[in-house]
Structures are given as C-alpha cells and as structure tokens.
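Observations on the model geometry
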Amino acid sequence: MLGRLLDEYHERSVPPADIEVVAGSVHESRISYRITLTDGSAHVVRAYRAEAAVPVEMRGPFTETVQDWLIGRARTLALLAAAGYDAPRPVLTRTGELIAVAGPWLAWATSYAPGAVLTPTLEQLQALGVTLGRLHRVIAGGQGRSLAPRHPAVAVPMTLARLDAVADKVPAGWAGLCEAFRRTALAVDAAAASVPETVVHGDAWARNAVEPPGGGAATLIDWETSGLGLAVLDLGNTLMECHLNSTASDLDPEAWLIAPDEDRIAATASGYASARRLSAGELAMLPDAVRFGAAVAGALHVELALAEGVGGPIMDARLARLENRLAIADEVAALAVPYLS
C-alpha cells in the first residue's frame, strides 16, 4: 500500500529520504505517514480505507463516503492556500488530483507544519486567538463550500436525531443533561442565520496548533473537522478548550475538567479581537456557542450509552466532562465578552 501511495505522489527516480508512521495501522481503517523529502521538507499523508465509514464525529445527516469527506477537507485547505492563509497546503498527486487512490485506500496529503505543539502558555494562547481570528476572515465560496461537521445545518439535525432515538430510554438522572443538549442545539439553529459564515477549523486548541521554529503566529494543524461554518461556534469551542493542556493524559479524567481561568480566556479572546471583531449577533450568541460543542458530543455519547450499550468508567468520565462544560459555559462567555466587544 505504501509503495502505491509513493507512486501517486513521487517519481520513482527520486525516493523520499525518510518515512515514518505517525498514527494508525494498515490493520485498521486509517494510517498516517510523515514523508520527509530529500530537500528537508515533509508531507503528511493520511490514508483511509475507501469502504470504511466516515468517522462518527465527522459524519453529517446525509450519506457521505470517505472520498466525499476527504475531498471536502482538501478543498478547504486549497481555498486557504489561495487566500494566503498560513495552514498546511494540499499536496497534489502527480496527475494533479487532491485525493490519491492506492488500491482500497484513499489518501489525503498536506505539507508538514514544523514546530512545537502549544503547551499552552498565555502568549501562545494569544497567538492562537490571532490565528483563529485571521482564519475567520476567510469567506468560503464555490468549491470551498464544504460544510464543517459542526455547521448547524449538519450538527443540529444529527444532535436532535440522536436525542430522539433514545428519548424513551433516558434515565431520570440524565434527563436534565439531555434537555440542555436539545435546548442548546435549538438555540444555535434559531440564531444561525443572523451570524457570519466563514471557514472554520472545528477543533482549534493547544494540541492542534504548533509554534513555528523561531516563534511567531501559531499554525493550526489537523484539519479533519474544517469547512464552512459559523465563526462564533469555532471561537466558542476554543474559549472552552483554551483551558486544556496539550500534555493532558487521555487516561486522567480530572485533567479534562475545567475551572474557568480569566487569564487564559483573556489571552485567547484579546488575540482573536486583534484580528477580527464579533458582530452584535455573535456576541449575543456566545454563551450557546461556548456550550454547543458539549451538546453535539453529548448527544453522541448518550446515544452510544443508551442505544449501543457502551458504558463503564470511560463513558462515566465523558458524561462528567460534558456536565462540567455545560455548568461553566455562561461564565466562560461572560469572562470573554469584555475582551471581544
């Protein structure tokens, strides 16, 4: 499979200097490689089995193949390249295609963004805010109009459908949580038409951003959740997740619980405001925007727990994290507003 991928992107007479597996396995449905070229530059090649389902957290309400999903993400990065925005660039195949075909595998290649993952310090959070604000000045058009997974047109119907599917199974202790998910989704849907659509990243936090060698503006990486969306929802997610450290262990539930930190919020929000100002509609929508990510993820986890029987300590930790996000969303938004308005 790797040989066929290399044939798609490289001349046989000029082999790469190094190949490293960075995630996944050929025994799974996806695998990612970092391919270093002889000039010292590098590509990241993400390969997915063509017959596999689109990852559940990326799935929309419409039937979508892995190929459709990958092309949408690649078109978004192509749009950003045309706009001069600093992000990984699409790497075309030798025949000029955005997506490569290697037998049963489909591959999406981008340039590699060098640098250290943000920890993040307050200075790095401010740089991340600037980078996100600059991104939200890019307006999608034409082929760049692939919807992000958390665009309300995608995420709201999916969220409501998931909640409806298990409505008769919700235990009394979860009823308030599920109602909060539904209320947030409906509020975002009602306000969506009044706020700007832009290109969004979808998951802009410390682990998905790097500080370039020598410092400077942060560069966002891992664009699987990108596309056309609402800028305020993207910002709301980042204001919540600016509290998370990239070194937090996935096995430590306490590391993912958040206590609002005005310094972190101020750094992120002031950086963002230096690059882009929110409209009055976006400011009014901010509390629901901050909690929207929890509502979307929460409906998914509730459906997994009640319809598919997924349970145990991991699910308990996920639900505790969601309750935490809902409980602090208003405070996070209120602390951000003075730096955004």
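Read on for a plain summary of the structure.

Definitions and limits used
Residues numbered from 1 in each chain as written. Predicted model: local features only at pLDDT ≥ 70, side-chain atom pairs only at ≥ 80, totals over all residues. Heavy atoms only, no water. Phe/Tyr/Trp six-rings, centres within 6.5 Å; stacked < 30°, edge-to-face > 60°. Helix = DSSP H or I, 4+ residues; strand = E, 2+ residues; numbered from the N terminus. Buried < 20%, exposed > 50% of the residue type's maximum accessible area, 1.4 Å probe, protein only. Contact = heavy atoms within 4.5 Å. Salt bridge = Lys/Arg side-chain N within 4 Å of Asp/Glu carboxyl O.

1. Considering the packing of aromatic side chains
What the rule picks out here adds up to 3 aromatic pairs. Centroid distance Tyr-85 to Trp-223: 6.4 Å. Interplanar angle 80°. Geometry classified as edge-to-face. A residue pair is termed long-range when its members are at least 10 positions apart, and Tyr-85 in the loop between α2 (66-83) and β4 (99-102) and Trp-223 in the loop between β9 (219-220) and β10 (227-230) qualify at 138 residues. Accessibility classification places Tyr-85 together with Trp-223 in one group, the buried group. Arranged with centres 5.8 Å apart and planes meeting at 65°, the rings of Trp-205 and Trp-256 form a pair that is edge-to-face. Note that Trp-205 is positioned in the loop between β7 (197-200) and β8 (209-211) and Trp-256 in the loop between α6 (231-241) and α7 (262-275), a separation of 51 residues in sequence.

2. Side note on the environment of Thr-93
Within the fold, Thr-93 resides in the loop between α2 and β4. Sequence separation of Thr-93 and Leu-5 is 88 residues, and the distance between their C-alpha atoms is 9.4 Å. Non-local contacts of Thr-93, meaning those with residues more than four positions away in its chain, are made with Glu-8, Tyr-9, Ile-99 and Ala-100.

3. Quick notes on the side chain of Glu-241
Turning to its location among the elements, Glu-241 is positioned in helix α6. Those residues in contact with Glu-241 that lie beyond four places of it in its chain are Asp-203 and Trp-205.

4. Re the pattern of salt bridges
Evaluated as defined, the whole model comprises 12 salt bridges. Note that Arg-162 and Glu-303 form a salt bridge whose closest N and O atoms lie 3.5 Å from each other. Residue Arg-162 is located in helix α4 (residues 152-165), and its partner Glu-303 is located in helix α8 (residues 280-307); the two are separated by 141 residues in the primary sequence. Arg-162 gets classed as buried once you look at its relative accessible area, which sits at 9%. Arg-207 is paired through a salt bridge with Asp-250; the nearest N and O atoms lie 3.4 Å apart. On the criterion of sequence distance, the pair formed by Arg-207 in the loop between β7 and β8 and Asp-250 in the loop between α6 and α7 is long-range, its members being 43 residues apart. By relative accessible area, which is 25% here, Arg-207 ends up partly exposed. With relative accessibility at 57%, the residue Asp-250 sits in the exposed group. Each of Arg-30, Arg-46, Asp-222 and Glu-224 takes part in a single network of salt bridges with overlapping partners.

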